[in-house]
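# A closer look at the structure
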Amino acid sequence: MSAGSEIVLEARNITKRFPGVVANENVSLKLYRGEVLALLGENGAGKTTLMNILYGLYHQDSGEVLIRGEPVRISGPSDSIRHGIGMVHQHFMLVPVFTVAENIILGAETRNGPFLDLNAARRQIRELSRQYNLDVDPDAYVKDLSVGQQQRVEIIKALYRKADILILDEPTAVLTPQETEELFTIIRSLTARGASVIFISHKLKEVLAIADRIMVLRRGRVVGETTPREATERSLAEMMVGRSVMMEVEKGEAHPGTPVLTLDRVTVLDDRGQRVVNEVSLEVHAGEILGIAGVQGNGQTELVEAITGLRPVHSGRVLINGRDVTNASPRRISETGCAHVPEDRQEDGLVLTYSVADNLVLNTYYTPPFARGIVRNDRAILNHASRLIERYDVRTPGPLTPVSALSGGNKQKVIIARELSREGRLLIAAQPTRGIDVGSIEFIHQRIVAERDQGAAVLLVSAELDEIMALSDRIAVMYHGKIVATLPAASATREELGLLMAGAQPTNVPHETIADGRATVKAQR
Amino acid sequence: MERAGSQFSPRMDSRIQIWGMVHAAIVPIASVVVALVVGAAIIALSGANPLVAYSALFEGGLGSGRAFSRTLEKATPLIFGGLAVSLAFKCGLFNIGAQGQLLMGAVSAAFIGFSLQGLPSALHIPLALLVGALLGAVWAAIAGTLKAFTGAHEVITTIMLNFVAFNLTDWLADGPWKDRTPGNIVARTPAVAPEARLPDIVGVPLGIILAVLAAIAVWWLIWRTTIGFELRTVGQNASAAKYAGISVRRMTVLAMVASGFLAGLGGAVETLGVVGRFQPGFNVGLGFNAITIALLARTNPIAVIPASLLIGVMQAGASRMQFNSGVASEIIDVILALILFFVAADGIIRRVLRLRAEEGERVTLSSGRGS
Ligand SMILES: Nc1ncnc2c1ncn2[C@@H]1O[C@H](COP(=O)(O)OP(=O)(O)OP(=O)(O)O)[C@@H](O)[C@H]1O
Ligand SMILES: [Mg+2]
């Protein structure tokens, strides 16, 4: 990684205001040829806004952007593409019903007379995939791809447009560790060819691993610059938040009580009718956190959907507090006191056009004090919102601001605040800290442990092994739709979990902790 | 913990809201202006003077007490229709069937009106209105149920139900419910009993009063009740609605029923208030103008009132315009179509005014949501 001294992109004194917030204030940034510049900052610090300005989606109120020394006015993505800037957004912007090739050429169509020349495009895409080891099939439909693959499509899309400045906004938030490694390989081969990358992430380990330089934003201002050599996770966290952050979760012994959630040989089918959850049995007790570890796509998503009533249970039984809620409506399950942090915040967890206040009562809007009979009590809804906004440090101009105007991490905080503030005995949390900054992760983890200590049963599903290990009292490993082992967290090691997640047979695991050990063999293809 | 991020300010919040409201009105108003300008160009091309035509148009709609009461008369069913379409839009449904629902409401209110004699007004009127509204609701419920349980798209089913309603009401008015008074040869029902006719309340027709009350009721339902919240949530994001424990099926049926109820009520009010009987063909096009109104009002129930009045003025003034300037009254339909075109394809207006796409709740012209 030899970062040159040629400045390819420079921002000078950028200021950008939105109603009620200054998203960027006098921000200056330099990007050198062949380097990876990491951008760090709390949720709402202004990272995405700055990138959107460089990409031409927003226009700055003041300040200027220079590309290879030339001042430019970028008034839209087509301008930035012309200047060689490509961007992969925090939330992908692909058309699900189009093929990979169609998505890639969209807006930059290769033509043969008046007709689309898809064949030429396909050839070019194959060439790019080979060159950068980006493995995707040009004829696959985007809706059938995993998130990791979709992201590659976004990257190829940028490369296809001959981008040599690539902006990656939280590219790893939704990737498996394996996919993250692959992405880093791609980034390294890009910079080796002289491209420059701006990389945004809340995972400090990754930033230290991939960046040449690190820039930190806080409340719209640049508060410092450093390099991986000088920085540690701890020092970066402190720079971001402005105080020292505890990286470990403080938690005492669990005192498990009666079972709150019981799954009895639950089988669930995916949209195509495949058995993605195969006779899973488990119990989550009051006062304990059960973590489900597993590479994404091994049935965790569907399992959570089935428990919460969003997907039919094909066979088996689900019990909450001893009552059978198999295939009950989401409303009935919610009313047993089951809080649910859904995996897909944009799709399920929020109505983006609604205010923060309305989203904070999305599933409790009909209960007192938020409603009397069928009449909404706006005052109670607003008070509730103001309380949670403060308590969970949601950065928003106010409770009536639409959630669509919030930064990615703050959207997630709205969901967390809503679900953790419900009085319930069961919390099901899928990827609860995805896209959240270190300071807020600390707080959310403390809150989850506090829930446990107050006697709630917590089912935690997370792609972050660190999170699973830090929070769980017991860890169940899911592989190909089966729980292949359940281990006490105290004695589980990363290596052991990693092996189990990769499908190793749990033979060297103490026998009594193995669940369904024999059936695992069949589950492996 | 550091108490960061308390940038909360109520003033900021309300400023954002007011700005949002102003912003929401820009496109509809600009659409009307542009449509009138294009209409003026067409009038000029046809050799007439657009200024003369337009001043006659507005004089005919607003120039005198009589003109204004004609405008109110025209606007009344439009308000009901606009409310019906708006309410369905809130739930992500495109109710093209307001026309059919309105016909069903009109014919059944007429039946109650002429078949019962000697009932006091205080009983006869509410009964006829209610039956009309319920028939409209039933008619829409067919489409709602099909959507909820089979995924059949409401645009298709309501269009088909429109045809059924056209022919059914035609047949009723020319067959079993035909006016058999000697000398009548046209298809129409007998006149409703005088007790069933809508009176004026201190000089204001009861129909327009009911229409305004309906608009307020719909506004209240949508923005102040949990049912409205459920409807809107389904319309904005059906999978989030499911997550929130809202039954998408139930709300789909309910929204169509409520929408049909309003359209049916509109038909009943028109029958009892203006026409005095059911006569095929008297209110053709109402259901379609209702779509224009709903879009012009950006599905806001209160804004439906001025939008309906505007179109009411044009319809009331059309014959005056034709008389004064020689411009065929059909030009009004052209202008209405242009308004619909500009509000629906609002990208054009936005580009002209250099506005950004807006942040508020979306109006989905057609959602692919099925069962
Ligand atoms: N379209 C918008 N309208 C109004 N405010 C906005 C808009 N986009 C961003 N903001 C505000 O600007 C600030 C910065 O947001 P931005 O998305 O840049 O944060 P971020 O650093 O990317 O955070 P995260 O880590 O959560 O993604 C936030 O307070 C946000 O609410
Ligand atoms: Mg962001």
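Residues numbered from 1 in each chain as written. Chains lettered and ligands numbered in written order. Predicted model: local features only at pLDDT ≥ 70, side-chain atom pairs only at ≥ 80, totals over all residues. Heavy atoms only, no water.

What follows concerns the overall build of chain A. Secondary structure assignment for chain A yields 18 helices and 24 strands. Against the globule reference of 24 Å for 525 residues, chain A gives a C-alpha radius of gyration of 24 Å, in line with a compact fold. Burial analysis of chain A (525 residues in total) assigns 58% to the buried set. Accessible surface, chain A as shown: approximately 21,500 Å² in total, 49% of it carbon and sulfur. (Helix = DSSP H or I, 4+ residues; strand = E, 2+ residues; numbered from the N terminus. Rg over C-alpha atoms; globule rule 2.2 N^0.38 Å. Buried < 20%, exposed > 50% of the residue type's maximum accessible area, 1.4 Å probe, protein only. Areas by Shrake-Rupley, 256 points an atom, 1.4 Å probe, with all protein chains shown as cover.)

Attention now moves to the packing of helix α3 (residues 65–90) of chain B against helix α12 (residues 304–325) of chain B. All names here are of chain B. Where α3 contacts α12, the axes come no closer than 7 Å and their chain directions differ by 135°. Relative to α12, the element α3 is oriented oblique. With respect to the hand of their crossing, α3 and α12 are arranged in right-handed fashion. Across the interface between the two elements, Ala67, Arg70, Thr71, Leu72, Lys74, Ala75, Leu78, Ile79, Gly82, Leu83 and Ser86 of α3 pack against Val304, Ile305, Ser308, Leu309, Ile311, Gly312, Val313, Gln315 and Ala316 of α12. Tallied by class, residues from the contact of α3 with α12 come to 12 nonpolar, six polar and two charged. (Axes fitted to C-alpha atoms, helices over the stretch in contact; angles between N-to-C directions. Parallel < 35°, antiparallel > 145°, perpendicular 65-115°, else oblique. Left-handed = near helix turned anticlockwise from the far one by under 90°. Contact = heavy atoms within 4.5 Å. Nonpolar A, V, L, I, M, F, W, Y, C, P; charged D, E, K, R; others polar.)

Attention now goes to the pairing of strand β4 (residues 62–67) of chain A. Residue and element names in this part refer to chain A. Note: strand β1 (residues 7–18) against β4, five bridges, orientation antiparallel. Looking across to β4, one finds that glutamate 10 is bridged to leucine 66. Looking at chain direction, β4 and strand β5 (residues 70–72) are connected through three bridges and run antiparallel. From the neighbouring strand, leucine 66 faces β5, where its bridge partner is proline 71. As consecutive antiparallel partners, β4 and β5 are separated by two residues, and within that stretch arginine 68 has a phi angle of approximately 45°, a positive value. (Pairing = 2+ DSSP bridges.)

Our next topic: the side chain of Ser334(A). Residue and element names in this part refer to chain A. Positionally, serine 334 belongs in helix α10 (residues 330–335). According to the relative accessible area criterion, serine 334 is buried, its value standing at 14%. Of note is the side chain of serine 334, whose polar atom sits 2.9 Å from the side chain of arginine 422. (Polar contact = N/O pair within 3.5 Å; in protein donor to acceptor, adjacent residues only side chain to side chain.)

Let's shift gears to the site of ligand 1. All names here are of chain A. Neighbouring ligand 1 are 21 residues, the closest being Lys47, Thr48, Thr49, Ser407 and Gly409. Within the side chain of tyrosine 58, an N or O atom sits 3.2 Å from a nitrogen atom of ligand 1. Take serine 407: an N or O atom from its side chain is 2.6 Å from an oxygen atom of ligand 1. Here ligand 1, which alone exposes 640 Å², has 92% of that area covered by the protein. Elements supplying a minimum of two residues to the shell around ligand 1: β2 (21–32), α1 (47–55) and α14 (408–420). When residues of the shell around ligand 1 are assigned to domains, at least three map to each of domain 1 (7–241) and domain 2 (259–501). (Near = heavy atom within 4 Å. Domains from an automatic or database assignment.)

Scored by pLDDT, chain B comes out at a mean of 88, with 90% of its residues at no less than 70. Both scores are given for the predicted complex: the pTM is 0.88, the ipTM 0.87. (pLDDT = per-residue confidence, 0-100.)

Bringing the domain arrangement of chain A into the picture now. All names here are of chain A. Under the domain assignment, chain A is made up of domain 1 (7–241) and domain 2 (259–501). Domain 1 and domain 2 are separated by 30 Å when their C-alpha centres are compared. At the junction of the two partners, domain 1 supplies 22 residues and domain 2 supplies 21 residues. Our count for the domain 1 to domain 2 interface comes out at three salt bridges. Aspartate 466 is the partner of lysine 205 in a salt bridge, and the nearest nitrogen-oxygen pair spans 3.1 Å. (Salt bridge = Lys/Arg side-chain N within 4 Å of Asp/Glu carboxyl O.)

Residues and elements named next belong to chain A. Ordered in space as β6-β9-β10-β3-β11-β12, the six strands form an open sheet in which the pairing is mixed. The outermost strands of the open sheet, each flanked by one partner alone, are β6 (85–88) and β12 (221–226). The sheet shows a mean angle of 20° between the axes of neighbouring strands, direction not considered. For strand β9 (residues 165–169) and strand β10 (residues 196–200), the ladder comprises five bridges, and the chain directions are parallel.

This part takes up the pairing of strand β24 (residues 482–488) of chain A. Within a regular beta strand, the side chains point alternately toward one face of the sheet and then the other, so they alternate between its two faces. Residue and element names in this part refer to chain A. Counting buried residues in β24 gives six out of seven residues, a clear majority hidden from the surface. As paired strands, strand β23 (residues 474–479) and β24 are joined by six bridges and run antiparallel to one another. Along β24, the bridge assignment pairs arginine 474 with proline 488. Between β23 and the antiparallel strand that follows it, β24, lie two residues; histidine 480 among them carries a positive phi value of about 50°.

With that settled, the discussion passes to helix α2 (residues 50–62) of chain B. Each full turn of the α-helix corresponds to 3.6 residues, which orients residues three or four apart in the same direction. All names here are of chain B. Its 13 residues give α2 an end-to-end C-alpha distance of 18 Å, which sits within 8% of 18 Å, the value for a rise of 1.5 Å per residue. Residues of α2 that are buried include every one of Pro50, Ala53, Tyr54, Ala56, Leu57, Gly60 and Gly61, and no others. Burial along α2 is one-sided: seen end-on, the buried residues are contained in an arc of 160°. (Expected span 1.5 Å × (residues − 1). Arc of directions from axis to C-beta.)

Attention now moves to the environment of Pro171(A). Residue and element names in this part refer to chain A. Structurally, proline 171 can be placed in the loop between β9 and α6 (177–192). Take proline 171: its relative accessible area is 2%, and that puts it in the buried class. A sequence separation of 80 residues divides proline 171 from histidine 91, and the C-alpha atoms of the two residues are 9.2 Å apart.

Residues and elements named next belong to chain A. Counting across every chain of the model gives 38 salt bridges over all chains. Of the charged contacts in the structure, one is a salt bridge between arginine 474 and glutamate 288, with a shortest N-O distance of 2.8 Å. Here the residue arginine 474 occupies a position in strand β23, and glutamate 288 occupies one in the loop between β14 (275–285) and β15 (289–293), the gap between them amounting to 186 residues. Residue classification places glutamate 288 among the buried positions, given a relative accessible area of 3%. For arginine 494, the salt bridge is made with aspartate 466, and the minimal N-O distance between the two is 2.5 Å. Placement of arginine 494 in helix α17 (residues 494–501) and of aspartate 466 in helix α16 (residues 465–471) is noted, with a sequence separation of 28 residues between them.

Of note, Ala45(A) is situated in the loop between β3 (36–41) and α1. Contacts of Ala45(A), omitting those with residues within four sequence positions, involve Ala23(A), Asn24(A), Leu217(A), Arg218(A), Arg219(A) and Gly220(A).

A few words on the domain arrangement of chain B. All names here are of chain B. Along its sequence, chain B is organised into domain 1 (8–48 + 327–358) and domain 2 (72–325). Its C-alpha centre places domain 1 at a distance of 25 Å from the equivalent point of domain 2. Contacts between the two partners involve 19 residues from domain 1 and, on the opposite side, 14 residues from domain 2. Contact with domain 2 buries area across many residues of domain 1, yet Val327, Ile332 and Leu336 alone supply 37% of it, more than any other trio. Of all the secondary structure elements, the ones that give two or more residues to the side of domain 1 that touches domain 2 are α1 (10–45), α13 (331–344) and α14 (346–353). Element by element, the count of residues in the side of domain 1 that touches domain 2 is highest for α13, at eight residues. Tallied by class, residues from the side of domain 1 that touches domain 2 come to 15 nonpolar, one polar and three charged. (Buried area = accessible area lost by both parts, 1.4 Å probe.)

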